Each structure stands twice: as C-alpha cells, then as structure tokens.
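The chain contents come next:
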Amino acid sequence: MTILESIRGPRDLKALSEAELGELSEEIRDFLVHAVARTGGHLGPNLGVVELTVALHRVFESPADRILWDTGHQSYVHKLLTGRQDFSKLRGKGGLSGYPSREESEHDVIENSHASTVLGWADGLAKARQVQGERGHVVAVIGDGALTGGMAWEALNNIAAARDRPLIIVVNDNERSYAPTIGGLANHLATLRTTDGYERMLAWGKDVLQRTPVVGNTVYEALHGAKKGFKDAFAPQGLFEDLGLKYLGPIDGHDIGAVESALRRAKRFHGPVLVHCLTQKGRGYEPALRDEADHFHTVGVMDPLTCAPLGPANGPSWTSVFGEEIVRIGEERDDVVAITAAMLHPVGLGRFAERFPDRVWDVGIAEQHAAVSAAGLATGGLHPVVAVYATFLNRAFDQLLMDVALHRCGVTFVLDRAGVTGVDGPSHNGMWDMSVLQVVPGLRIAAPRDADQLRAQLREAVAVDDAPTLLRFPKESVGPAVPAVDRVGALDVLHAADRPEVLLVAVGVMAPVCLGAAELLEARGIGCTVVDPRWVKPVDPALAPLAARHRLVAVVEDNSRAAGVGSAVALALGDAEVDVPVRRFGIPEQFLAHAKRAEVLADIGLTPVEIAGRISASLAVGERAGERAGEPAGEQPGDERIVMPAQGEY
Ligand SMILES: Cc1ncc(C[n+]2csc(CCOP(=O)(O)OP(=O)(O)O)c2C)c(N)n1
Ligand SMILES: CC(=O)[C@@H](O)[C@H](O)COP(=O)(O)O
Ligand SMILES: [Mg+2]
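We now turn to the structure provided with this report. What you see as residue numbers is a count from 1 along each chain, following the sequence as written. Here the convention is simple: chains get letters from A, ligands get numbers from 1, in the order in which they are written. Selection of residues for local features in this predicted model requires a pLDDT of at least 70, selection of side-chain atom pairs for listing and counting requires 80 or more, and totals for whole chains, interfaces and linings are taken over all residues. Here the side-chain values reflect all heavy atoms present in the structure, with hydrogen atoms and water set aside.

## Quick notes on the side chain of arginine 472
Right, on to step 1. What counts as a helix is a DSSP run of H or I of at least four residues, what counts as a strand is a run of E of at least two, and both are numbered from the N terminus. Relative to the elements of secondary structure, arginine 472 occurs in strand E11 (residues 469-472).
Right, on to step 2. Burial classification: accessible surface area is computed with a 1.4 Å probe over protein chains only, and a residue below 20% of its type maximum counts as buried, one above 50% as exposed, and the rest as partly exposed. For arginine 472, a relative accessible area of 5% puts it in the buried group.
Right, on to step 3. We call two N or O atoms a polar contact when they sit within 3.5 Å, provided that within protein one can donate a hydrogen and the other can accept it, with sequence-adjacent residues counted only if both atoms are side-chain atoms. Within the local environment of arginine 472, its side chain forms a polar contact with the side chain of aspartate 433, the two groups lying 2.8 Å apart.
Right, on to step 4. Of note is the side chain of arginine 472, whose polar atom sits 3.0 Å from the backbone oxygen of aspartate 558.
Right, on to step 5. Residues count as neighbours in contact if any of their non-hydrogen atoms are within 4.5 Å of one another. In this structure arginine 472 touches Leu415, Ala418, Gly419, Gly430, Asp433, Met434, Ala446, Ala447, Pro448, Asp558 and Asn559, once residues within four positions along its chain are discounted.

## Some details on the site of ligand 1
Right, on to step 1. One heavy atom suffices: a residue is near a molecule or strand as soon as one of its heavy atoms comes within 4 Å of it. Around ligand 1 lies a shell of 22 residues, among which His73, Ser113, Gly145, Lys281 and Glu367 are the nearest.
Right, on to step 2. The contact in question runs from a nitrogen atom of ligand 1 to an N or O atom on the backbone of serine 113, over 2.7 Å.
Right, on to step 3. Asparagine 174 is positioned such that a nitrogen or oxygen atom in its side chain is 2.8 Å from an oxygen atom of ligand 1.
Right, on to step 4. Contact with the protein chains covers 98% of the free accessible surface of ligand 1, which is 590 Å².
Right, on to step 5. Under the scheme applied here, ten amino acids are nonpolar (Ala, Val, Leu, Ile, Met, Phe, Trp, Tyr, Cys and Pro), four are charged (Asp, Glu, Lys and Arg), and all others, including Gly, are polar. Split by residue class, the shell around ligand 1 holds 7 nonpolar, 10 polar and 5 charged. Residue-level accessible areas treat just the shown protein chains as cover; the underlying method is Shrake-Rupley with a 1.4 Å probe.

## Structural notes on the site of ligand 2
Right, on to step 1. Near ligand 2 lie 13 residues; those nearest to it are His42, His297, Tyr389, Arg417 and His428.
Right, on to step 2. In this structure, an oxygen atom belonging to ligand 2 sits 2.8 Å away from a side-chain N or O atom of histidine 42.
Right, on to step 3. Against a free-state accessible area of 360 Å², the protein chains account for coverage of 91% of ligand 2.
Right, on to step 4. Considered class by class, the residues forming the shell around ligand 2 number 4 nonpolar, 6 polar and 3 charged.

## Considerations on the environment of alanine 162
Right, on to step 1. Among the secondary structure elements, alanine 162 is positioned in the loop between helix H7 (150-161) and strand E3 (167-173).
Right, on to step 2. Given the relative accessible area of 9%, alanine 162 is considered buried.
Right, on to step 3. Taking C-alpha positions, alanine 162 is 51 Å from arginine 333, a pair spaced 171 residues apart along the chain.

## Re the coordination of the magnesium ion (ligand 3)
Right, on to step 1. Looking at the magnesium ion (ligand 3), one finds its protein donor set to be Asp144 (OD), Asn174 (OD1) and Arg176 (O), positioned 2.0 to 2.2 Å from the metal centre.
Right, on to step 2. Within one chain, the residues donating to the magnesium ion (ligand 3) are spaced in sequence as D-x29-N-x1-R. Of the two residues, aspartate 144 is situated in the loop between strand E2 (138-143) and H7 and asparagine 174 in the loop between E3 and helix H8 (184-193); the sequence distance between them amounts to 30 residues. In this structure, aspartate 144 and asparagine 174 share a single accessibility class: buried. Donor atoms are limited to N, O and S found within 2.8 Å of the metal ion, a distance that becomes 3.2 Å for Na, K and Ca. With water left out, some sites might look partial.

## What about the pairing of strand E1 (residues 66-69)?
Right, on to step 1. On E1, burial covers both faces: Arg66 and Leu68 on one face and Ile67 and Trp69 on the other are all buried.
Right, on to step 2. Only strands that DSSP links by at least two bridges are regarded as paired with each other. Strand direction decides the pairing type here: E1 and E2, joined by 4 bridges, are parallel. Residue leucine 68 lies in a different strand from E2, and its bridge partner there is alanine 140.

Put into structure tokens, the structure is as follows:
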C-alpha cells in the first residue's frame, strides 16, 4: 500500500514524518498525471498545490476549520486527502466533480467554478462564526489570477476593516492564470517575491535560535521585530499591509515545513492574515512546465508519457473558426480591437494577439471591467470584440446593460462555450445568456448554426456601430455546413414540406437536431418547416405570418427554456395576434450535474427523437381537443399559451 492509499482523511496526515510527506507528495503527483491523463481535467493547477494542500490539512482541522478554494479547479489534491481517490470517472457522469462538491464531502463548501468569490465566502463565514461565537478557522485559498477579479477586492476591503476577526487568506501565487497573470497586482506580487530574503533570514533565525528555547526565543522575537523594521525601512510596504492585513511571506509553497510554519503563525494571529505562497503551476511534470501557453491548465485525454491526445480526433472547433475570422476582419478594419478576461487562447484570440499585439487586451479575470472598458473603447471610436465564455458573462450583465447598451455602444460580445458544456458541471454551462439578455434594449443576439454562419454573423455584428451585438456558440467541434434552401424575411429556411403543419425554429447549433426531428415527424405524416432565425433577438417580423400558416410552433434552443428565445417568439406571435401554440424546447430551469455534453442533451430531451415525440403528442392532443388547423392545440405542459385580449380589452 502506498502512503497515499493509507490516507483515508486529513487526520492520517498528522503522524507522517518529513520523509513520508516528501514521498506522499511524489505519489500524489504521479497519481494526478496518470489519473487526469485518463479522463482530462485541470492538471497544471493541481500539480502546483500538492504541498500547499498537504500543509493546510496538517495544520487545520477540516471540516471544523473551513478550507475554501477559489474557482475550485485546483481541489483535486484536497479531494485525494479527504477520502476521494477514485478519479476513474473524474468530471464524468456519476463520477467525481472537477470542483468541490457538498454532495461528495463535508470538507467541501464552494461548488461554483467562477473565480474571485472565495474571499467573499470567507468574509461571510467568518462573520457568521463571530456572531454565533463559534470556534474554528476560516481559510481561503485564492490564486494570483483570481485576485485580479474585482469581487476579491470588494471582499478584501471588508475583511481588512475587521482587525479583530480572524481569517486566513492563502495566496497561491504561481504567477499565472492561464498565461502569466497581468496587471499592477501581478507586478506587486512580483515585488513581494523579491523580498523573500527576509523570510529566509527569519526562517534561518528561527531554526537556529529556537533550538536554545529560552534565549533563542527572546532573540528570535527581537530579530523578528528587527526584521519588520528592516523590511519596512528597505522593502516595499505591502499593499496588503497597507490595507490592514497581516502579511506573511513570501513562502516557498512547495516546502511543506515552511508552509506549515507560516500557517501555524497565521493561526495564532487574531485578525485577518494573508499568507503569500509561491508555487509552480505544473510542478513536477516537465511537459506542463514546458507548456508556455498555460502550463497544462486543462488537458484532454492524453498519453501521460508523450502527451499525445487520445480518443476521437475532433474536427475544427467553433473557437478556431472565430479565431481565424477575427484576424481576417482585423486585417480589413483597424478599428476592430479585442478584449479577453485572462483567457486569450481559450477564447480564440491568440492569433489576433500575434497579428495585432497593440489591439488586444487581457484585463485579468475581470469580465465586468472588460465590458465597461469596451464601452470606453467604443466611445473612443473603436469597435471592441469582447470574447468570454458564456457563463462568465453572467457577472457582467449590468455593465452590458447600463454601460454598453444604454449608451448604444458598438461592442460585439463573442460567447464561447454557450449552451451545455457538460464536464465542468453546473456552473460552467452557458445556459442563461439568451434568457437574461432578452431584456437588454437594443442588444442584437445571433446564434450561428455552422462555420459559414459564424463568419457571416460575426461580420454583420462588427458592422453595427450604434448598438451592442452578441454571438454565441458551443464547446465542441463545428459540425458540417447546414445549407439554407430558401429565405423568408431574414429567416433561413432549412427545410420545407408540401403541407407543413409544424414550424420548427432552430436556434443556432440546434439546426441539425431540428432537421432530424423533422425527418422523424414526416415519417409519421407530419409536414414540417424548419427555419434558422440567425439573429434571435429581436425576433424577425417574418416569423409571425409564417407561423400563422402552421398548427404548432416549436422553438429549440441550447439555452434555458425560461425566458429564452422560445418565450420571445411566443411574445412576438402574441403581439402579432397569431394564435398558434408555441412549444419551447430548451434546458430546464435546473443546475445540470456534470457529464458529457451529448449525455446531458439526451437527459434533458434535446434530441431529434424526444423533440419529434413531444411534438407529435402535442398535435394528437390538439386533435383530440377538436382543434382545427391553425387553431390552438390543447393545453400542454410548458406551452407558451397566447392569451388573445378580447377586442378593445387591453
Ligand atoms: C469569472 C471567471 N472567469 C474566468 C474563469 C476561467 N478560469 C478558470 S481558472 C482561471 C485562471 C485562474 O488563475 P489562478 O486563480 O491564478 O489559479 P491557478 O489556475 O493559477 O491555480 C480562469 C481564468 C473563471 N473560472 N471564472
Ligand atoms: C476552471 C475554468 O473555468 C476553466 O479552466 C474551464 O474549466 C476551462 O473550460 P474549457 O476546458 O472548456 O476551456
Ligand atoms: Mg495562478
């Protein structure tokens, strides 16, 4: 049995010797490389927190002491040490989540994978303990990248105000988000890193002097005081100390003894204290350390020796299609600029940055700032393209509404990972954008169905200079082209039947699914028209008269059913006094457990078979209710009923 296998919970760490701890760290790294290579996941971040996590669980008594993780992608080691060592289905259906999960363990608190929230959680938990007179430490682990998020500073402002409220912040400083972390904060952390001589001197002094307990301690405390004075005199006064936090560090985050010593000092401090740990993302795995892009931040299924991708070869991604087209647009228009929130390559702006280094900005993990600065860029005469993952735009809703849209700024938002992403769990699905953004006046939303449409709609979007525009596409390979056979208004007709009864409105990548459903329905003698609106907001005026020629309208979207495109279509038909039932097919108002995208789509019924079956049932109910063609079908769950106001009754 390996030492790692003998660890059933954090208590089993306490008795390990220094040599055993070193061996355990090696075993954990070896486990991570092989397990994550088998399933895919966050390898670099977790290789960087092996010793840090061991030290945390040796010094603190989780779960009585709460250890909180920012973003949570670096919690694999925490899982290994808290009784979860079966990584065979990591991020897979029924397997371990890739993030902390309360359902999995009492040691887990924050489940969402959105960065920069941990200090807020810690502030709240610490206040709750103080109010209730509860004992136990609150420890928040935050990365240098997550520290670039505004919410982290909102929390720090509150934490630093309460000098009497114990709270331990551990900064996991590996100098990277994906790429090297940007900004003044990163520069400040670098400055603090250069003052590590004092810590080394202090550590030496502590070892030598504390071996002579009486004299040593006195001298050590005197030295410590001198060190503070010396540091104040000659070293940059830490931003954190200026705020009112006790600063300990920088500490070698791969030296378990040093980290434990700093954490034990932090434990004794009756107020907020920040322990600055220096770590290496990808530590101990040469291919990760050599990976300049992101030190193997996230890896797919791969051979751990050669790092060659394993599993089915994916075709070109939506991201790559966007990445190529935005460069072409950039060549033609020098007013087009780009913004990323610490994800230059993941959102496909890498080539744009190579070609136009002065026209792209990484703002850190700061989507709100990305949106507001885009409003400034647009007002200044440029056309910014803000590329983020769909789920992360949630936090910039107000900035999109009140800074970009209110001022009619020509800003284009490009949402990658829209719809069901799957393996990253409930907080990563890009399932809310076409619902929350429906209410933004003037915003135009496009959902391309294939690569050609992505290119075309991106060009249409950047051509708009007096309103925000937005494109959204999923995390997967781009499928084959889906040609239009006709056009009605601005609607692309993808399929038309001789005697159409059902109008299928296919939103973006749901086009092939709708064509599949139409084929199944026509096999049952039910004629279908399939249209792709391309721009789903505002609803094209041509839709209402087209719908009026059908018995039922079905809107299919890879977005929440609530207040999505389906609801917008129902409203538009009502406004046009077209009394045809609308069935909305989308993601139910639930948080979706982690699984592959295809598995989740099947589970929620976004498949041709499911959609065809439910439409067919709807029509049958309508017939039983004696509806005539063009009149409302019977009541169905989830139908958007169009309640027609009596003449004059408004
Ligand atoms: C709001 C938000 N934006 C973007 C991301 C994507 N993301 C996940 S991890 C990461 C980098 C985090 O860097 P850091 O906090 O330093 O942690 P490290 O990976 O270095 O351990 C980013 C940008 C996110 N999770 N949340
Ligand atoms: C934790 C986080 O937010 C990112 O690392 C995310 O997991 C990456 O997702 P993709 O793998 O889809 O790029
Ligand atoms: Mg980092």
